[in-house]
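Below, each chain spelled out in residue letters.
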Amino acid sequence: MLRFEDIRVGLALPERAFTPTSAELFVYNAAIWNPHRIHYDLPYATQVEGYPAIVIDGPLQGDWLTQAVTDWIGEDARLVVFKYSNRRAAYLGDTVTSGGTVKASDKSSRRVTLELFIKNAKGEVIAPGEAVVEFPRD
Amino acid sequence: MAALLTPELKRAIGKRSAPITELVTAREIRRYATATSQRQEKFLNGREAPPLFYARFLKEIPTLDRMIHDGRFMDDLLPPLPLKRTMAGGCETTYHRPIRAGDTLTGVFTIKDLYEKEGASGPLIFATVELAVTDAENRPVVTELTTRIFR
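Residues numbered from 1 in each chain as written. Chains lettered and ligands numbered in written order. Predicted model: local features only at pLDDT ≥ 70, side-chain atom pairs only at ≥ 80, totals over all residues.

### Overview of the overall build of chain B
To be explicit about the condition: For the purposes of this entry, the term helix denotes a DSSP run of H or I that reaches at least four residues, the term strand denotes a run of E that reaches at least two, and both are numbered from the N terminus. Here exposure depends only on C-beta density: within 10 Å of a residue's C-beta, 20 or more other C-beta atoms make it buried, 12 or fewer make it exposed, and intermediate numbers make it partly exposed, the C-beta atoms being placed from the backbone.
A tally of helices and strands in chain B yields 4 helices and 5 strands. Its helices and strands in sequence order give chain B the pattern α-β-α-α-α-β-β-β-β, from N to C terminus. For chain B, the spread of C-alpha atoms along the principal axes amounts to about 55 × 35 × 30 Å. Residues counted as buried form 23% of the 151 residues belonging to chain B.

The structure is reproduced here in structure tokens:
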């Protein structure tokens, strides 16, 4: 169990690697009702929009950032604020890694601020994020 | 620099979408949870929605005649802007309470701001849109602010 008292600034969250297949991207875009062709139509993505390959959805990377948080807190705290942005694209075939660190912790509100990242294989942060989680009072 | 955002375009600030009301089902949550490779049991069994479930759930489902050449649907909230290419913006969400199967949610999109800046490679237009999600008792559930950048 994760306890507020044990959390220190600088603590690293577990990392997780994602290498979505085209079928997995299809299922995601079907689930969110997103027909944007850059996620499944290779000739369109490369010849019309000029991408090197099929594009991994930005919001899917946002979701992976939230999972770095929800998998870490489990039932022990609740997510209060989440923000992220997509800085660089990721493409079908890429492996990206989610993770984060504890940036701040406030005793009076029992809130912990986390800095989150999605990194590509070169180690570049392609989707930075931040979350605030709140621990219940004992 | 000549202003790209005319007074007429700036008048779109404050414009709201028609409210969309939907019932959250466990099946709809399970689809999203599976598609995003969630690991928490409460998400996978459809009891509680993962944090970003709401984002697409409260968009309208347009008819196919409103689909444009790239496969997307026309967005009729923002006025036609003089810059067309979009760049990654940011998104900030405040969670008032978790979304659970059985909730009836209402979403309203509002244009909160439209402004322009001179970027390193030319002018940029920023559009900030709020999505306010409320429950059947009109209590806030989720508030999201998204900034889209046009270049």
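Here the narrative resumes.
### Focus on the environment of Val108(B)
Let me state the cut-off plainly: Two residues qualify as a contact pair if the distance between their C-beta atoms, derived from the backbone, is within 7 Å.
The residue Val108(B) is located in strand S3 (residues 104–119) in this model. If sequence neighbours within four positions are ignored, Val108(B) has contacts with Arg16(B), Ser17(B), Pro19(B) and Ala132(B).

### Thoughts on the interface of chain A and chain B
Here is the rule: Under the scheme applied, nonpolar residues are Ala, Val, Leu, Ile, Met, Phe, Trp, Tyr, Cys and Pro; charged residues are Asp, Glu, Lys and Arg; polar residues are all the others, including Gly.
Listed by partner, the interface residues are 26 residues for chain A and 25 residues for chain B. Counting residues per element, the ones that place at least two in the side of chain A that touches chain B are helix H1 (22–31), helix H3 (58–73) and strand S2 (78–85) of chain A. No other element matches H3(A), which puts 9 residues into the side of chain A that touches chain B. In terms of residue class, the side of chain A that touches chain B is made up of 13 nonpolar, 8 polar and 5 charged.

### So, the packing of H1(A) against helix H2 (residues 26–35) of chain B
Short version of the rule: Lines fitted to the C-alpha atoms define the axes, with helices restricted to the stretch that makes contact. Angles between their N-to-C directions range from 0 to 180 degrees. Small angles under 35 degrees read as roughly parallel and large ones over 145 as roughly antiparallel, with 65 to 115 read as roughly perpendicular and the rest as oblique. A clockwise turn of the near helix away from the far one marks a right-handed crossing, whereas an anticlockwise turn of less than a right angle marks a left-handed crossing.
Look at H1(A) against H2(B): their axes get within 9 Å of each other, and the N-to-C directions meet at 150°. On the basis of the axis angle, H1(A) is roughly antiparallel to H2(B). Taken as a pair, H1(A) and H2(B) cross one another with a handedness that is left-handed. Judged by residue contacts, Val27(A), Tyr28(A) and Ala31(A) of H1(A) engage Arg31(B), Tyr32(B) and Ala35(B) from H2(B). Partitioning the contact of H1(A) with H2(B) into residue classes produces 5 nonpolar, no polar and 1 charged.

### A word on the nonpolar core
The condition that has to hold: By definition, a nonpolar core groups buried Ala, Val, Leu, Ile, Met, Phe, Trp, Tyr and Cys residues that connect through C-beta atoms lying within 7 Å of each other.
Core analysis: the largest hydrophobic core is formed by 56 residues, its most contacted members being Ala131(A), Val133(A), Phe53(B) and Tyr54(B). Among the elements that take part in this core, H3(A) stands out by supplying 6 residues, more than any other. In contact with Val133(A), other than residues within four places in its own chain, are Val69(A), Ile73(A), Ala77(A), Arg78(A), Leu79(A), Val80(A), Arg111(A), Val112(A) and Leu114(A).

### Regarding H2(B)
The condition that has to hold: The arc in question is the one spanned by the directions pointing from the helix axis to the C-beta atoms.
Within the span of H2(B), buried status applies to Ile29(B), Tyr32(B) and Ala33(B). An end-on view of H2(B) places all buried positions within 100° of arc, on one side of the element. Buried positions along H2(B) lie against H1 of chain A together with helix H3 (41–44) of chain B. Ser37(B), located one to two residues past H2(B), shows a positive phi value of around 55°.

### Section: unusual backbone geometry
The backbone phi angle of Arg110(A) is positive, close to 55°, even though this residue is not glycine. Considering the arrangement of structural elements, one finds Arg110(A) in the loop between strand S3 (96–106) and strand S4 (111–119). Despite not being glycine, Ser37(B) has its phi angle at roughly 55°, a positive value. Accessibility expressed as a C-beta count within 10 Å gives 17 for Ser37(B), which makes it partly exposed.

### Quick look at the environment of Glu92(B)
Structurally, the position occupied by Glu92(B) is in strand S2 (residues 86–95). The residues touching Glu92(B), leaving out its near neighbours within four places in the chain, are Lys83(A) and Leu145(B).

### A short note on the pairing of S4(A)
Residue and element names in this part refer to chain A. As a reminder, the rule being used: DSSP calls a pair of strands paired once it identifies at least 2 bridges connecting them.
Of the pairings in the sheet, the one linking S3 to S4 comprises 9 bridges and is antiparallel in character. For Gly 100, the partnering residue across the bridge sits in S4 and is Leu 116. Between S3 and S4, which pair antiparallel in sequence order, lie 4 residues; one of them, Arg 110, sits at a positive phi of approximately 55°. Inspection of the sheet shows S4 paired to strand S5 (residues 125–134) by 9 bridges, in the antiparallel sense. Paired with Val 112 across the two strands is Val 133, which belongs to S5. Counting the residues that bridge the hairpin from S4 to S5 gives 5 residues, and of these Gly 123 lies at a positive phi of roughly 90°.

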